[in-house]
There are 4 protein chains.
Amino acid sequence: MRAARLHEYTDDMSEGLTVEEIDRPEITRSDEVIVEVEGAGWCQTDNHIIEGMWEQYVPQSLPMTLGHENAGIVAETGNEVEIVEEGDPVICHPVQTCGTCRACRQGETMYCENQSFNGLTTDGGFADYLLTNERAVIPLPDGVDPTDIAPHADAGITAYHAAKKAVRKLNPGDHAVIVGIGGLGHIGVQVVDAMSAAQITAVDIKDSALELAEEGGADHLVNPEKEDVREFVDSVTDGTGAAQVLDFVGADVTTEYAPDITAAGGDHHIIGYGGHIHEPAQALVNGEFSYVGNIVGQYTELQELVALVEQGDVNLHTSRYELGDVNTVAEKLEHREIDGRAVITP
Amino acid sequence: MRAARLHEYTDDMSEGLTVEEIDRPEITRSDEVIVEVEGAGWCQTDNHIIEGMWEQYVPQSLPMTLGHENAGIVAETGNEVEIVEEGDPVICHPVQTCGTCRACRQGETMYCENQSFNGLTTDGGFADYLLTNERAVIPLPDGVDPTDIAPHADAGITAYHAAKKAVRKLNPGDHAVIVGIGGLGHIGVQVVDAMSAAQITAVDIKDSALELAEEGGADHLVNPEKEDVREFVDSVTDGTGAAQVLDFVGADVTTEYAPDITAAGGDHHIIGYGGHIHEPAQALVNGEFSYVGNIVGQYTELQELVALVEQGDVNLHTSRYELGDVNTVAEKLEHREIDGRAVITP
Amino acid sequence: MRAARLHEYTDDMSEGLTVEEIDRPEITRSDEVIVEVEGAGWCQTDNHIIEGMWEQYVPQSLPMTLGHENAGIVAETGNEVEIVEEGDPVICHPVQTCGTCRACRQGETMYCENQSFNGLTTDGGFADYLLTNERAVIPLPDGVDPTDIAPHADAGITAYHAAKKAVRKLNPGDHAVIVGIGGLGHIGVQVVDAMSAAQITAVDIKDSALELAEEGGADHLVNPEKEDVREFVDSVTDGTGAAQVLDFVGADVTTEYAPDITAAGGDHHIIGYGGHIHEPAQALVNGEFSYVGNIVGQYTELQELVALVEQGDVNLHTSRYELGDVNTVAEKLEHREIDGRAVITP
Amino acid sequence: MRAARLHEYTDDMSEGLTVEEIDRPEITRSDEVIVEVEGAGWCQTDNHIIEGMWEQYVPQSLPMTLGHENAGIVAETGNEVEIVEEGDPVICHPVQTCGTCRACRQGETMYCENQSFNGLTTDGGFADYLLTNERAVIPLPDGVDPTDIAPHADAGITAYHAAKKAVRKLNPGDHAVIVGIGGLGHIGVQVVDAMSAAQITAVDIKDSALELAEEGGADHLVNPEKEDVREFVDSVTDGTGAAQVLDFVGADVTTEYAPDITAAGGDHHIIGYGGHIHEPAQALVNGEFSYVGNIVGQYTELQELVALVEQGDVNLHTSRYELGDVNTVAEKLEHREIDGRAVITP
Ligand SMILES: [Zn+2]
Ligand SMILES: [Zn+2]
Ligand SMILES: [Zn+2]
Ligand SMILES: [Zn+2]
Ligand SMILES: [Zn+2]
Ligand SMILES: [Zn+2]
Ligand SMILES: [Zn+2]
Ligand SMILES: [Zn+2]
Ligand SMILES: [Zn+2]
Ligand SMILES: [Zn+2]
């Protein structure tokens, strides 16, 4: 089968992956599932993986097929699989868990001690077929297209996971600030809107992104290249600050907002990454705010997100590309030329 | 009356405060309370105030009487005060709140929009008398000595506040790491021990501090000058990391522990300050840990701490000094020569 | 001034209250506030008070002016009141709290140890003027009419309080069942809809009420006189049951739904009353569901509800009556002839 | 192998079970585990099962081997089992879960949609061997004896599960009332003591049980045959009531305590069963308390309880009986003649 694989870390996106023929994966355990990939979202994280940015955090052995945002049709199942069968449309949580470690028992998919992460630590979905397991697939409801929903497998649940944490602490009259209205932030706005009655302020340097935020339910829009974000938030919140900040950028300049725009007792969620946090400890003490780390989401959170999609509460703008276009997509994303989310259709 | 007052910010602790005669405060509102001070704890924060470190965070007008950890006997009350009367022993929460802003309505003492903070934004308790109000005093149970309990008004509830947040997330078998076993950390150990069944690891560069931690309930002790803290925590937690870290130091070197010693989904609580946090956003994403800010505690938390003291669950080692000794105490603390907590007895 | 007062408990609603002249209340404490009443909602609880149903639960001394759902214009203030002044439009939380007991410190308005409850334990708002205090009034935003919003002071926050508890446990894809779409239930539907992405099933024996529920955001409607509620819930939830049930009726027949329609780990909220709970302990064990008591809501919850009203998330259908019509209103409510909520305009 | 089996429901405990020879179970799935039973606790629920009291709640087909509180040594494993191997000592959570339904994903062991419950819906551990699976076994730490710990598999985690819910809401100074100091209540006292700093009041009609409670950490003891429980609780709580009540009896007379002894906003946990709840809805409204159902506990809660046992925080008094004594044990329990917990040692 065909697969787009990483052989060597590089900063040159034009030659990041190689599309080549490899063997189709085979079932060797009772709980495994092979999915014929219909859609595989391309993610900023794919660029980061190609650059070698995850090498120090997780075990990676090259060559590896990338692609962690997958959906498709079940092609084959292990002999004890019960929740799906051949022909079922599914979305694939990126993490294949063991089901027996303490983290798995607690539903903490991301903390599984024996996990494989599609396209990050094991072969992913930029290929004709993907090998995963029963604990990682979610059957899709009627009327939901695998190709359309694929990016939710990571972009979606990452945004949902952070937004759900935020929503639990947002009362009517409270304010949420959402920084960066790209693939993830755009979903974050819709989730906060659907699951709370808080006021939403969207922050982005592209006016087209702010328009997207407004369609998604944002109440206030601010472009940092035109207005002072700190003054803007101070004004819309009557000086109280935002109870919850969702930072989908994670640059130095955005993590620095926290002491000035976060309400007492509030949270600045780190979802995007690339920059760093650099604050005096005293700032966190004085404002009693927190920097809250966020990584992807649980299997059950992906179920909840599928419910939101089915209900029409969350929409995703996607554009489709062929498997041979992977490097073109990587370059376009680098230059911010992708509108919505690019989905590879192997 | 006599009062120890700050006239000018300085780094020279030997001449930080001036003991002088000023007018005794007077009752001007129906809810005010005047307390004859029996004990006023000296705090690392007093040194920081003298150095001018709080000037940029809160409104301060000099000269000001310092002292935010106060207890004593009610000397006079406004005409609508109901919960105390002349002669009652009380501990004074450092914050005088308005009782009518939204934060006050939520019990968030520290976020009151119209607050005065004893010895930080208004005159404090290094004096014969302290002016406060009904919303800031807690009557003491029989058998609790005001001088002994005074430091709990800040040191105590700050430790308690952070420990209570941590305890809510600590299950039996989980691990808490407590960094810095000084005045606050020493209370933190006892609170975590009394309120959870978690394993406690104490970290300090003084062996005498570690012994104090062991008496307070710590299960494991590590001196960073003798052992590698990261390896130690990795070993006692079987590689899982600590679910909760209470950082009573807040130096660069201690905030840097977080990515290596905090369990997935865990919290590194910032309580001490002086240093800064400097981490890539990706570290928080990868480990899904949080830096959690903490400031003092609520009035109701001070009630809970008084209950712990009354039950014998928390003990505090104090040494007593006269009002004229304030600068000596400041210098001793600077050189880490205070054992337990110094209490000024005006 | 005129006031509608209860002199004797009676089951005959046609002569429950007497409209008479009494002295206007006077300010005697620094924090008191006198409000000229613009609107005072009539509530099922007023009927229950007239019947003597609250006598065993709270201290009542007759004669007493009823009316606990009040809004109006500030007419006079005590000399230390700061958050309102003469001429300000306000809604009145029904409970006048002390501000200094532990419950008040925790924001638990309803548990204040020294409270007065308008129209239940002290004179209420079916009168030209109401005596209350600074801790009970909330200034209204521009554009919100006191007469329109008055019923939210009790009907509104009672529904909001229970709905907020429920919403915290409702994930997308979960189901909420709302039993009884009268004055409170109708608000409950809108609150759950605004603050969650759960599926809502409304239950009522009046089809007109079900239509109102649908406008408010209900997804499924069931009339127990036409369909079997247990089968209906089983069907819409695919056999899982409803994660949260809000019972605004509280009759024997509705509390009996719990073991059959509540999901494992779910809650059956008791808000309406009149009937009783009668279940074997084993039923609660087997299904691990809870019967959750609910009484009115906190002051801060009324602030949150005012924000929802201001945002247009919650609408209330009201009909207006003069003070002289109180007994007519009581009778109409008894015979279910009130559409939406009756508001007395003294 | 030998097994003690139920052939017919009966109220006569002297002939409830029949000890007979049946086939040893065999491994048929990759995740199955066969345990040689070292200890199997006898439980009040076993009496209830023999009486037919669970027939209407769960699917049961007779004959069935009873015994749901099992521990022993792994004798054989399916070919994909990874967490244990032959010879490992284990405690067996009574529920064999599927690992793939939504409840399993959330860690809600008890709500698994495809579960088998040892000795309740499938053959249990009053036998030489027990068939279970990898998701139900917990390896025991060194020094923990399987026979001693066996009853924790149900009695222990049921008490722990309810106590853990209670502890989350108990602050220092709050009061917990524990009703019924038998096998479960005795563990409940120790868990609340280890995991909170609340005051504990134990209620039992046997003075020897109250003595056991005192050893376990109870602060106040009351025998309802000698003192009025309502007055006692009112007195020790200064009129506030108990924040949390753990009812290990679940009789009419104990559920009736709730309106009188539970603090505003508090919970009355139903753990024991046999009687029923019968209260006016208005009582729950007025006091805003809840009746909270509780069933057994999660797999991860059993891990936490094993940690408590290993740390020495929870001790269990057991007496050992041979497999042939099962009916004698049943009769003794019926007549309250068992001290601590009876463990069958096949
Ligand atoms: Zn991604
Ligand atoms: Zn795992
Ligand atoms: Zn201090
Ligand atoms: Zn305030
Ligand atoms: Zn730096
Ligand atoms: Zn009402
Ligand atoms: Zn009060
Ligand atoms: Zn009955
Ligand atoms: Zn049992
Ligand atoms: Zn399951």
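Residues numbered from 1 in each chain as written. Chains lettered and ligands numbered in written order. Predicted model: local features only at pLDDT ≥ 70, side-chain atom pairs only at ≥ 80, totals over all residues. Heavy atoms only, no water.

> Can you help me understand the sheet that holds strand 2 (residues 17-21) of chain C in this one?
Either a parallel or an antiparallel arrangement is found when strands of a sheet pair, and the pairing is made through backbone hydrogen bonds. Across the sheet, which stays open at both edges, the 3 strands sit in the order 2-1-4 (chain C) with antiparallel pairing between neighbours. This sheet does not close on itself; its edge strands, each paired only once, are strand 2 and strand 4 (64-65) of chain C. (Pairing = 2+ DSSP bridges. Helix = DSSP H or I, 4+ residues; strand = E, 2+ residues; numbered from the N terminus.)

> How do you make sense of the sheet that holds strand 13 (residues 220-222) of chain A when you look at a structure like this?
With respect to topology, 12 strands assemble into an open sheet ordered 13(A)-12(A)-11(A)-14(A)-15(A)-17(A)-17(B)-15(B)-14(B)-11(B)-12(B)-13(B), the strand pairing being mixed. The two strands at the open ends of the sheet, each matched to only one other strand, are strand 13 of chain A together with strand 13 (220-222) of chain B. With direction set aside, neighbouring strand axes in the sheet form an average angle of 20°. Of the strand pairs in this sheet, strand 11 (residues 175-179) of chain A and strand 14 (residues 242-247) of chain A are connected by 4 bridges, and their pairing is parallel. Note that in strand 14 of chain A the partner of Val 179 of chain A across the bridge is Asp 247 of chain A. Against the sheet, helix 5 (residues 183-195) of chain A engages strand 11, strand 12 (199-203) and strand 14 of chain A, with an angle of about 165° to strand 11 of chain A. (Axes fitted to C-alpha atoms, helices over the stretch in contact; angles between N-to-C directions. Contact = heavy atoms within 4.5 Å.)

> Which parts of the structure should I look at to understand the coordination of the zinc ion (ligand 9)?
Metal coordination angles have textbook ideals: 109.5 degrees for a tetrahedral set of four donors and 90 or 180 degrees for an octahedral set of six. Residue and element names in this part refer to chain D. Binding of the zinc ion (ligand 9) to the protein goes through Cys 43 (SG), His 68 (NE2), Glu 69 (OE) and Asp 154 (OD), at separations of 1.7 to 2.4 Å. What the 4 donor atoms of the zinc ion (ligand 9) show is an angle range of 101 to 130° at the metal, which sorts the shape as tetrahedral. In terms of primary sequence, the donors binding the zinc ion (ligand 9) are separated according to C-x24-H-E-x84-D. Here Asp 154 lies in the loop between helix 3 (146-149) and helix 4 (155-167) and Cys 43 lies in the loop between strand 3 (32-41) and helix 1 (44-50), a separation of 111 residues in the sequence. Note on accessibility: Cys 43 and Asp 154 belong to one class, buried. (Donors = N, O, S within 2.8 Å, 3.2 Å for Na, K, Ca; no water. Tetrahedral: all angles 85-135°; square planar, octahedral: opposite > 155°, others 65-115°. Buried < 20%, exposed > 50% of the residue type's maximum accessible area, 1.4 Å probe, protein only.)

> Would you mind going over the interface of chain C and chain D with me for this structure?
It is common to report an interface's size as the accessible area lost on association of the parts. Counting residues at the interface gives 38 residues for chain C and 38 residues for chain D. Buried area between chain C and chain D, both sides added, is near 3200 Å², and the carbon and sulfur share of it is 55%. Counting the contacts that link chain C with chain D gives 2 salt bridges. We note a salt bridge from Glu 288 of chain D to Lys 165 of chain C, for which the minimum N-O separation is 3.3 Å. Secondary-structure elements contributing two or more residues to the side of chain C that touches chain D are helix 4 (155-167), strand 15 (262-270), strand 16 (276-280), helix 10 (281-287) and strand 17 (290-293) of chain C. With 6 residues, the top contributor of residues to the side of chain C that touches chain D is helix 10 of chain C. Residue composition of the side of chain C that touches chain D, by class: 19 nonpolar, 14 polar and 5 charged. (Buried area = accessible area lost by both parts, 1.4 Å probe. Salt bridge = Lys/Arg side-chain N within 4 Å of Asp/Glu carboxyl O. Nonpolar A, V, L, I, M, F, W, Y, C, P; charged D, E, K, R; others polar.)

> Explanation requested: the UniProt feature "domain: Alcohol dehydrogenase-like C-terminal" (unreviewed entry) in chain A in the structure shown.
According to UniProt, the positions carrying the feature "domain: Alcohol dehydrogenase-like C-terminal" (unreviewed entry) are residues 183-310 of chain A. Strand forms 25% of residues 183-310 of chain A and helix 45%; the C-alpha atoms that close the span are 19 Å apart. (UniProt positions renumbered as here; feature names shortened; annotations may be inferred.)

> Please explain the packing of aromatic side chains as it appears in this structure.
To describe a pair of aromatic rings, one takes the distance between the centres and the angle between the planes. Using the criterion set out here, one finds 16 aromatic pairs over all chains in the structure. A centroid spacing of 5.4 Å and a plane angle of 80° characterise the contact between Phe 289 of chain C and Tyr 291 of chain C, whose relative ring orientation is edge-to-face. Judged on exposure class, the residue Phe 289 of chain C and its partner Tyr 291 of chain C are both buried. An aromatic cluster is defined as three or more aromatic residues linked by ring pairs; in this entry it consists of Trp 54, Tyr 57 and Tyr 273 of chain A. Positioned above the aromatic ring of Tyr 129 of chain A, the side-chain terminus of Arg 24 of chain A is 4.5 Å from the ring centre. The ring centre of Tyr 299 of chain C lies 3.6 Å from the NZ or CZ of Arg 105 of chain B, which sits over that ring. (Phe/Tyr/Trp six-rings, centres within 6.5 Å; stacked < 30°, edge-to-face > 60°. Lys NZ or Arg CZ within 6 Å of the ring centre and 35° of its normal.)

> I keep staring at the coordination of the zinc ion (ligand 5) and nothing clicks. Help me out?
Within the protein, His 278 of chain A (NE2) and His 278 of chain B (ND1) serve as the donor atoms for the zinc ion (ligand 5), at 2.4 to 2.5 Å. With one member in each of two chains, His 278 of chain A in strand 16 (residues 276-280) and His 278 of chain B in strand 16 (residues 276-280) form a pair that bridges those chains. Using a relative accessible area of 41% as the deciding quantity, one classes His 278 of chain A as partly exposed.

> What is the right way to look at the domain arrangement of chain A in this model?
All names here are of chain A. Once the domains are mapped, chain A shows domain 1 (2-154 + 297-344) and domain 2 (157-293). Placing the centre of domain 1 and that of domain 2 at their C-alpha centroids yields a distance of 28 Å. On the side of domain 2, 18 residues touch domain 1, which itself brings 22 residues to the contact. Across the interface of domain 1 and domain 2, roughly 1800 Å² is buried in total on both sides, 58% from carbon and sulfur atoms. The largest per-residue losses of area from domain 1 upon contact with domain 2 belong to Asp 154, Glu 301 and Arg 336, which jointly make up 24% of the total buried on that side. Applying the counting rule to domain 1 against domain 2 returns 1 salt bridge. Here Lys 164 makes a salt bridge to Glu 304, at a shortest N to O gap of 3.0 Å. The tally of links between domain 1 and domain 2 comes to 9 residue pairs in polar contact (both at pLDDT 80 or more). Put simply, the parts of the chain that give the side of domain 1 that touches domain 2 at least two residues each are helix 1 (44-50) and helix 11 (299-311). The greatest single-element share of the side of domain 1 that touches domain 2, amounting to 5 residues, is contributed by helix 11. (Domains from an automatic or database assignment. Polar contact = N/O pair within 3.5 Å; in protein donor to acceptor, adjacent residues only side chain to side chain.)

> Honestly, the UniProt feature "domain: Alcohol dehydrogenase-like N-terminal" (unreviewed entry) in chain A in this entry has me stumped. Any pointers?
Mapped onto the present numbering, the UniProt feature "domain: Alcohol dehydrogenase-like N-terminal" (unreviewed entry) falls at residues 30-142 of chain A. For residues 30-142 of chain A, the end-to-end C-alpha separation is 27 Å, with 10% helix and 33% strand making up the annotated structure.

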